[in-house]
Amino acid sequence: MAKFDVLVVGGGGREHALVWKIAQSRLVNKVYCAPGNAGIASIAECVPIDAVDIGGLLKFARQKNIGLTVVGPEAPLALGIVNEFKKQGLRIFGPSKAASMLEASKAFAKKIMQEARVPTAKFRLISNIDEAMEFARQNDHAVLKADGLAGGKGVFVCRSKQEIMDAANKLLQERIFGAASNMIIAEELLEGPEVSVIGFCDGKTIRLLYPSQDHKAAFDNDSGSNTGGMGAYAPVPFVSEKLLREVKQKIMQAVVDKMGEKRAPFVGVLYAGLMVVDGEPFVLEFNCRFGDPEAQVILPLLESDIVELMLACVEGKLLEKDVKLKSGAATCVVMASGGYPGSYEKGKEIFGLEDALREKNVVVFHAATKLENGKIVSSGGRVLGVTGFGKNLPDSVTAAYNAVSKVSFEKMHYRNDIGKKALARGGAREWTRTP
Ligand code: AMP
Ligand code: GLY
């Protein structure tokens, strides 16, 4: 097959991991990234087009004769970037606008799950404050969620009537997420460990990558507010092959089949955010793209050529493909700006990157960096994702933190306990195939 150029849309840590893996493909000539960041710029050509500027991206893809466009974040998917590219005959990997509804509307996702009999928390939809207050009178704990996209911040885990009322006020009165909370979901509060199960889909077939675990809270021991994710590791020791098979069949395949029935076939990356309650998996959310920072651990553990898999998805031929995974484990520690996920300062010079890269078994993914007067400086909340590899989870944790210790920038913060809960349960399993 003739080699072609690839355009990756986005500019965070997930996109750095995507570009890194795509650049290793035997099918790829050159990689562009829009808008990219200072780390991505060392392996791809970054172009200053915003990830939601669909017109600009289309024009660029046509001009450069891009052979495949790969979309990292959810916003352009929800806006219909895939439909627009396909209309113009351009090859693009990701779900259509209709299929992206699985992430863009939690109420839609719940409806699909009900119809497909997928285990998920019991819920009700609420669209005005009176109903919400009545709900608060009847319940002592619940999880309130904005229906629409809220950058991962639209979920309130409430453990008292007061917390339910406060969350309802923020969502329905103050409308802190605007139209994203025209409707809210109030659901049963579940307890249990969380796991992210992510796989490729061609509309019919699913091929899973390793299950991974995100660390959403800002500080050690899961304290502090929720963030986009402060670190991740894979594979997850408590996810047995039996559990993963159940997730694949009863959850992922059931939803993919239902979306097919609805004439909105799911092509792209399907991400099930799960909670394991007494050994049984329940869906908390679906995403229609790779997780961030989950991508930074599962992509480096993928042995197969990612572009071959993406093309197989786009062509509806995933059944013919096997997904090979590497043995061992990976751990990613996110280094964030002081104050994140609240307000923080940008423009801090980052020191020690070269020393970190000299460490064995490490890749440093940039999440929000830019080049300023020849120096690499921070440009957002989550700045770097430092991924370490090892033959098992403890070794990967050690590799990641060794590299983290070389890097510094003013007011940085990171969690010291990524992977710790899994270590307490004892090492990582070594699989090279998922069910
Ligand atoms: P989501 O964006 O729906 O995955 O929710 C973000 C986070 O809120 C999850 O990672 C969980 O930690 C928490 N969460 C969401 N739904 C529930 C639930 N039904 N019970 C307990 N925690 C939840
Ligand atoms: N790490 C959570 C997400 O990407 O949604």
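Residues numbered from 1 in each chain as written. Chains lettered and ligands numbered in written order. Predicted model: local features only at pLDDT ≥ 70, side-chain atom pairs only at ≥ 80, totals over all residues. Heavy atoms only, no water.

**Q** Describe the overall build of the protein, and please don't skip the residues or the numbers.
**A** A tally of helices and strands in the protein yields 14 helices and 22 strands. Its C-alpha atoms give the protein a radius of gyration of 21 Å, near enough to 22 Å, the size a compact globule of 435 residues would have. If you line up the protein on its principal axes, its C-alpha atoms span 60 × 45 × 40 Å. Counting over 435 residues, the protein shows a buried share of 57%. In the protein, the share of contacts with a sequence separation of at least 24, taken over all contacts with a separation of at least 6, comes to 71%. Counting only carbon and sulfur atoms, one obtains 48% of the accessible surface of the protein, whose full area is about 17800 Å². For the protein, the centre of its 56 positive side-chain charges and the centre of its 50 negative side-chain charges are spaced 4 Å apart. (Helix = DSSP H or I, 4+ residues; strand = E, 2+ residues; numbered from the N terminus. Rg over C-alpha atoms; globule rule 2.2 N^0.38 Å. Buried < 20%, exposed > 50% of the residue type's maximum accessible area, 1.4 Å probe, protein only. Contact = heavy atoms within 4.5 Å. Areas by Shrake-Rupley, 256 points an atom, 1.4 Å probe, with all protein chains shown as cover. Lys, Arg positive; Asp, Glu negative; His and termini not counted. Charge placed at Lys NZ, Arg CZ, Asp CG, Glu CD.)

**Q** If you had to explain the pairing of strand S1 (residues 4-10) to someone new, which residues and values would you point to?
**A** Counting buried positions over the 7 residues of S1 gives 7, a clear majority of the element. Where S1 lies against strand S2 (residues 28-35), 6 bridges are found, and the strand directions are parallel. Bridge pairing in S2 links valine 8 to cysteine 33. Two strands pair when backbone bridges link them, and S1 and strand S4 (residues 68-71) are joined in this way by 4 bridges, in the parallel orientation. Paired with valine 8 across the two strands is valine 70, which belongs to S4. (Pairing = 2+ DSSP bridges.)

**Q** Could you give an account of the environment of alanine 107, naming the residues involved and the relevant values?
**A** Along the chain, alanine 107 falls in helix H6 (residues 106-115). If near-sequence neighbours (up to four positions away) are discounted, alanine 107 is found in contact with Leu125, Asp147, Met183 and Ile185.

**Q** Explain the nonpolar core residue by residue, including any values.
**A** Ile81, Leu102 and Phe286 are the most contacted members of the largest nonpolar core, which has 76 residues in total. Per-element tally for this core: the top contributor is helix H9 (residues 241-261), with 9 residues. Grouped together as the second largest cluster of nonpolar side chains are 47 residues, Val70, Ala234, Leu311 and Phe389 included. (Core = buried A, V, L, I, M, F, W, Y, C linked by side-chain atoms within 4.5 Å.)

**Q** How would you explain H9 if you had to name every residue and give the values?
**A** Taking 1.5 Å of rise per residue, the 21 residues of H9 would be expected to cover 30 Å, and the 28 Å separating its terminal C-alpha atoms lies within 8% of that figure. Of all the bends found along H9, the most pronounced is centred on lysine 248 and spans about 30°. Its buried side turned inward, H9 meets helix H5 (97-104), H6, strand S10 (194-202), strand S11 (206-208), strand S16 (267-277) and strand S17 (280-287). Backbone geometry just after H9 places arginine 263 at a positive phi near 60°. (Expected span 1.5 Å × (residues − 1). Bend = angle between axes of the 7 residues up to and from the residue.)

**Q** With reference to specific residues and values, describe the environment of isoleucine 350.
**A** Here isoleucine 350 is to be found in the loop between strand S18 (329-336) and helix H12 (353-358). Considered as a pair, isoleucine 350 and valine 197 are 153 residues apart in the sequence and their alpha carbons are 33 Å apart. If we skip the residues at most four places from it in the chain, isoleucine 350 touches Thr369, Ile376, Val377, Ser378, Val383, Leu384, Val407, Ser408 and Phe409.

**Q** Please set out the layout of surface pockets residue by residue, giving values where relevant.
**A** Roughly 210 Å³ of volume is contained in the second largest pocket. Lining the second largest pocket are 13 residues, with Gly39, Ser42, Leu357, Val364 and His366 positioned closest to its centre. Counting residues per element, the ones that place at least two in the lining of the second largest pocket are helix H1 (13-22), H12 and strand S19 (362-366). Here the lining of the second largest pocket is composed, by residue class, of 8 nonpolar, 4 polar and 1 charged. (1 Å grid on protein atoms, 1.4 Å probe; cavity = no way out; pocket = protein on both sides within 12 Å on 5 of 7 lines; lining within 4 Å. Points joined across faces, edges and corners; volume = space filled by probe spheres on them. Nonpolar A, V, L, I, M, F, W, Y, C, P; charged D, E, K, R; others polar.)

**Q** Help me get a handle on the sheet that holds strand S6 (residues 123-126), residues and values and all.
**A** Strand order in this open sheet of 4 strands is S6-S9-S7-S8, and the pairing throughout is antiparallel. Only two strands of the sheet have a single partner each, and these edge strands are S6 and strand S8 (155-158). Put simply, the sheet's adjacent strands are angled 20° from each other on average, direction ignored. (Axes fitted to C-alpha atoms, helices over the stretch in contact; angles between N-to-C directions.)

Note that all results are geometric; they support no functional claim without further evidence.
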